[in-house]
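# Coordinate inspection notes
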Amino acid sequence: MATMASTHTFPTTLALFSLAAMLATGCGPKLHTEDTGAAEDTGAADDTGAADDTGAADDTGVADDTGAADDTGTDPTVFGVRCNDSYTIGNNEDVLPLEGCEIITGDLTIASAGSSVTDLNALYSLREVQGDLTMHRNWELTTLEGLNSLQTIGGDLTLDENPVLADLGPLANLKTIGDDLDVLLMDGLTNLDGLSGLTEIGCDLQIEENELLVDVSGLSGAEMSRYTADEGGCGSPSIFVTYNPSLTNLDGLDNLTGLGSLETSHNDSLTTIDALDSLRTVTSSLTFDGNPVLESLEGLNHVTAAHRLKIRGNAALSNLDALAALVTLEHSLYSRSNDLLTDVSGLSSLDSVGGNISIYQNDLLCDGHVNDVLALTYYGSSYRVDNDGTCH
């Protein structure tokens, strides 16, 4: 997840040069005009050894090649289209020095401090942030206009506590997020349609505590973590969808085939997870906790193994039929306080549980039924079945 590490404080003035001016002064992208052979090395003038080849002027490295001026990285000026540093924008004035930047080589943090950030238009040229892009606690930010050219984020994209931001439309050209996508406490958002151009999320997805969010279908074009840990990726990405009271489904997550963890918890209006039907493997935990109107686990029909399964407090869930393909749980099985749960026949294919089996305090579930279904299931530690239902 993105962190709020301290970053560069802008100098009072950040000079913006035209390409011609930069070449004339030696600033900008290092084109090494001294060594092209066009002037000094033609042999017509400079190869006499009388001037340039003595090393007295161009080839000594004293002026252009020492790194003393252009290559130190200590002065975060715009090198052509690059801003070679990390930046924190705390007010509208902080945005202005970045006008003309196309690439930021570090992190970009937009977090109101004192006076609020309301205008990002000076970032109109920005195509790439090679580190993290974090937008945090901008109480008056209503638009992301200015980020319309952004295509690539090398690290995390974190949208956190920007309460009056209702539209992510200016991010329509964003294609790639190298690490995590976090959408947290964005109380003005009703959808993620502004991210519909996204094709890759490198690691985890966290959607948490978004009061009005009803739809995440804007993520339908995004694949998650094509790269293993050895290839520089996170290996198995995880998804956490929690405390979104208006969210009704997971449409938009249709492309998922493999995950580390999947958690959907405390989503008061979530009725279905059937968009997960492409999911095949889960290497860590499956958690469904406190989704009061979730009636079915349809969408998990093809999952054969997981590390841990937790099903708790889903008041409308009556059966586990969608888990019929589940064969192995490496760690534990936990089911508690699912008020309408009467049928666990969906666990009949479960061959082994590496640790505990705990199924208890489900008001209508019959212990005899549970024991019959799990009669042939190996478990590595403890077995607890203690429910309040009447057996017929």
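First things first, this report covers the structure right here in the doc.

Criteria and thresholds
- Residues numbered from 1 in each chain as written.
- Predicted model: local features only at pLDDT ≥ 70, side-chain atom pairs only at ≥ 80, totals over all residues.
- Heavy atoms only, no water.
- Helix = DSSP H or I, 4+ residues; strand = E, 2+ residues; numbered from the N terminus.
- Buried < 20%, exposed > 50% of the residue type's maximum accessible area, 1.4 Å probe, protein only.
- Contact = heavy atoms within 4.5 Å.
- Areas by Shrake-Rupley, 256 points an atom, 1.4 Å probe, with all protein chains shown as cover.
- Pairing = 2+ DSSP bridges.
- 1 Å grid on protein atoms, 1.4 Å probe; cavity = no way out; pocket = protein on both sides within 12 Å on 5 of 7 lines; lining within 4 Å.
- Points joined across faces, edges and corners; volume = space filled by probe spheres on them.
- Nonpolar A, V, L, I, M, F, W, Y, C, P; charged D, E, K, R; others polar.
- Disulfide = S-S within 2.5 Å.
- Core = buried A, V, L, I, M, F, W, Y, C linked by side-chain atoms within 4.5 Å.

The subject of this paragraph is the overall build of the protein chain. The helix and strand inventory of the protein chain stands at three helices and 25 strands. Considering the protein chain as a whole, with its 392 residues, one finds that 45% of them fall into the buried category. A separation of at least 24 residues holds for 53% of the contacts in the protein chain among residues at least 6 apart in sequence. Carbon and sulfur atoms provide 48% of the accessible area of the protein chain, an area that totals close to 16,600 Å².

A few words now on the pairing of strand 11 (residues 181-184). Covered by surrounding structure in strand 11 are Leu 181 and Val 183 together with Asp 182 and Leu 184, the residues of both alternating faces. Two elements, strand 9 (residues 157-160) and strand 11, share four bridges in a ladder whose sense is parallel. By the bridge assignment, Thr 158 is partnered in strand 11 with Asp 182. Two elements, strand 11 and strand 13 (residues 205-208), share four bridges in a ladder whose sense is parallel. Each bridged residue has a counterpart across the sheet, and for Val 183 the counterpart in strand 13 is Ile 207.

The full count for this structure, using the stated rule, is one cavity of 30 Å³ or more. The space that makes up the largest cavity amounts to roughly 50 Å³. Together, Ile 201, Leu 205, Leu 219, Ala 222, Met 224, Gly 252, Leu 253, Asp 254, Asn 255 and Leu 256 line the largest cavity. Classifying every residue of the lining of the largest cavity by side-chain character gives seven nonpolar, two polar and one charged.

All right, on to the pairing of strand 20 (residues 305-312) then. As paired strands, strand 19 (residues 285-289) and strand 20 are joined by five bridges and run parallel to one another. Note on strand 20: the bridge partner recorded for Asp 289 is Arg 312. Relative to strand 21 (residues 328-336), strand 20 runs parallel, the two sharing seven bridges. Looking at the pairing, Ala 305 lines up with Thr 328 of strand 21.

Each disulfide consists of one covalent bond between the sulfur atoms belonging to two cysteines. Using the criterion set out here, one finds two disulfides in the structure. A sulfur-sulfur distance of 1.7 Å marks the disulfide that ties Cys 83 to Cys 101. Highlighted residues: Cys 83 in strand 2 (residues 82-83) and Cys 101 in the loop between helix 2 (92-95) and strand 4 (103-104), separated in sequence by 18 residues. Across the pair, exposure class does not vary: Cys 83 and Cys 101 are buried alike. Disulfide pairing places Cys 366 opposite Cys 391 at an S-S distance of 1.7 Å. With the S-S dihedral at roughly 95°, the linkage between Cys 366 and Cys 391 falls on the right-handed side. Taken as a pair, Cys 366 in the loop between strand 23 (357-360) and helix 3 (367-373) and Cys 391 in the segment after strand 25 (383-386) lie far apart in primary sequence, 25 residues in all. Given the relative accessible area of 11%, Cys 366 is considered buried.

Let us look at the nonpolar core. Counting residues in hydrophobic clusters, the biggest one holds 86 residues, and the most contacted among them are Leu 108, Leu 181, Leu 297 and Leu 300. It is strand 20 that provides the largest number of residues to this core, a total of three residues. Here Leu 300 is in contact with Leu 262, Ile 273, Leu 276, Leu 279, Leu 286, Phe 288, Ala 322 and Leu 323, once residues within four sequence places are set aside.

Before going further, it helps to examine the environment of Thr 118. Examined against the element boundaries, Thr 118 turns out to sit in the loop between strand 5 (108-110) and strand 6 (128-129). Its relative accessible area of 31% is what places Thr 118 among the partly exposed residues. Along the chain, Thr 118 and Glu 140 lie 22 residues apart, while their C-alpha atoms are 6.0 Å from each other. Here Thr 118 is in contact with Asn 92, Glu 140 and Leu 141, once residues within four sequence places are set aside.

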